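Analysis of the macromolecular model
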Amino acid sequence: LLIASGGTTGLDPDGDADHAIFRVDADRDSDAFGEVTARIDTGYVGPCDVTLAPDGEHAFVADIAGEALRVVRVDPFETVRRVDVGEPAGEGRVLPFMCTASFDGELLLVENGEGTLGGDPEVPRRGSESVWDVSDPENPEEIAKITRDDGLPGMPITSEVAPDNTAAYLFIPGEGVGVIDLTTNEYATTLDVGGSAIAGAWGPTREKLYVPVQDANRVAVIDHASRAVVATVDVGEPGELEIGVRSI
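Some details on the packing of aromatic side chains
Between two aromatic rings, the relevant description is the distance of the centres plus the angle of the planes. What the rule picks out here adds up to one aromatic pair. Geometrically, the ring pair formed by Y169 and W202 is edge-to-face, given 5.9 Å between the ring centres and 75° between the ring planes. Taken together, the positions of Y169 in strand β13 (residues 167–172) and W202 in strand β16 (residues 201–202) put the pair 33 residues apart, joining distant regions of the chain. Each member of the pair, Y169 as well as W202, is classed as buried.

Focus on the pattern of salt bridges
Applying the stated criterion across every chain yields a total of nine salt bridges. In this structure, the salt-bridge partner of D181 is R227, at a minimum N-O distance of 3.7 Å. Of this pair, D181 sits in strand β14 (residues 176–181) while R227 sits in the loop between β18 (218–223) and β19 (228–234), and the two are 46 residues apart along the sequence. According to the relative accessible area criterion, D181 is buried, its value standing at 17%. Each of D63, R70 and R82 takes part in a single network of salt bridges with overlapping partners.

What about the side chain of D63?
You can see D63 is positioned in strand β5 (residues 58–63). Engagement of the side chain of D63 in a polar contact is seen with the side chain of R82, the distance being 3.1 Å. Dropping the residues within four chain positions of it, D63 is found in contact with V45, G46, P47, A68, R70, R82 and P96.

A closer look at the sheet that holds β5
Reading across from one edge, β4-β5-β6-β7 is the order of the four strands in this open sheet, with antiparallel pairing throughout. The sheet is open, and its two borders are formed by β4 (47–52) and β7 (78–84), each paired with just one other strand. Each strand of the sheet is rotated relative to its neighbour by a mean of 25°, with strand direction disregarded. One ladder, built from six bridges, connects strand β6 (residues 68–73) with β7; its direction is antiparallel. In the sheet register, R70 faces β7, and the bridge partner there is R82.

Overview of the sheet that holds strand β3 (residues 36–41)
What the three strands build is an open sheet, ordered β1-β2-β3; its pairing is antiparallel. This sheet does not close on itself; its edge strands, each paired only once, are β1 (2–5) and β3. Pairs of neighbouring strands in the sheet enclose a mean axial angle of 20°, with direction left out of account. Pairing geometry for β1 and strand β2 (residues 20–24), over four bridges, is antiparallel. Opposite I3, over in β2, you have F22 as the bridge partner.

Quick word on the pairing of strand β8 (residues 96–101)
Along β8, six of the six residues are buried, which leaves the element largely enclosed by surrounding structure. Bridge count for β8 against strand β9 (residues 107–112) is five bridges, and the pairing is antiparallel. Each bridged residue has a counterpart across the sheet, and for C99 the counterpart in β9 is V110. The hairpin formed by β8 and β9 contains five residues between the paired strands, and G105 there has a positive phi angle of roughly 80°.

Each value, and the rule that gives it
Residues numbered from 1 in each chain as written. Predicted model: local features only at pLDDT ≥ 70, side-chain atom pairs only at ≥ 80, totals over all residues. Heavy atoms only, no water. Phe/Tyr/Trp six-rings, centres within 6.5 Å; stacked < 30°, edge-to-face > 60°. Helix = DSSP H or I, 4+ residues; strand = E, 2+ residues; numbered from the N terminus. Buried < 20%, exposed > 50% of the residue type's maximum accessible area, 1.4 Å probe, protein only. Salt bridge = Lys/Arg side-chain N within 4 Å of Asp/Glu carboxyl O. Polar contact = N/O pair within 3.5 Å; in protein donor to acceptor, adjacent residues only side chain to side chain. Contact = heavy atoms within 4.5 Å. Pairing = 2+ DSSP bridges. Axes fitted to C-alpha atoms, helices over the stretch in contact; angles between N-to-C directions.

The following block contains the structure:
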């Protein structure tokens, strides 16, 4: 288990706290299960999210305050590369804060804040989505950035990559689920899930994406083949939530 500890779009830009990335033993049969086995001290760069590459040997970390994408080798646990994320789409800074690797390790999706770091931003955050080629994990390369000018309706919070790498699904609070066509790296559409969603998960066959709609007491089901919402699952009122979740 890898943990990036120190990142948020609300970081005090004048802060001087030390941040770190941790490696935790997640082998239930290990005598060290649950223990921190290694750490990387990063300084004040705001490691905000980490995604493990499918090879199990590398991970990618979004350093929001450091304006960089970090490549970490799992064993030995160390930073092997930091890549500058470039210029913002508009005013302010890029602010990369979340990242998701594809199932085959070829692509990486990165969510950017695009604005000013801190609790009271001088520049409103507009958000953008970056597509990176990480087929050579120690030499990531940004190949596309999707912005408001490209049709992005809001700031994505996180994303999921389709198992065949043909589409990325972006969770955009207040807007729905955005779809990027990864064959052209163009914004395709926004799916209406009937409310606000901040995350989703693939089913066991990776054919359908399940999206909790936090303000509508239901889960939207997206069929990847048609890139459409094909069903909704009612999870009941708050008092019934535990039973509803078990039945999904």
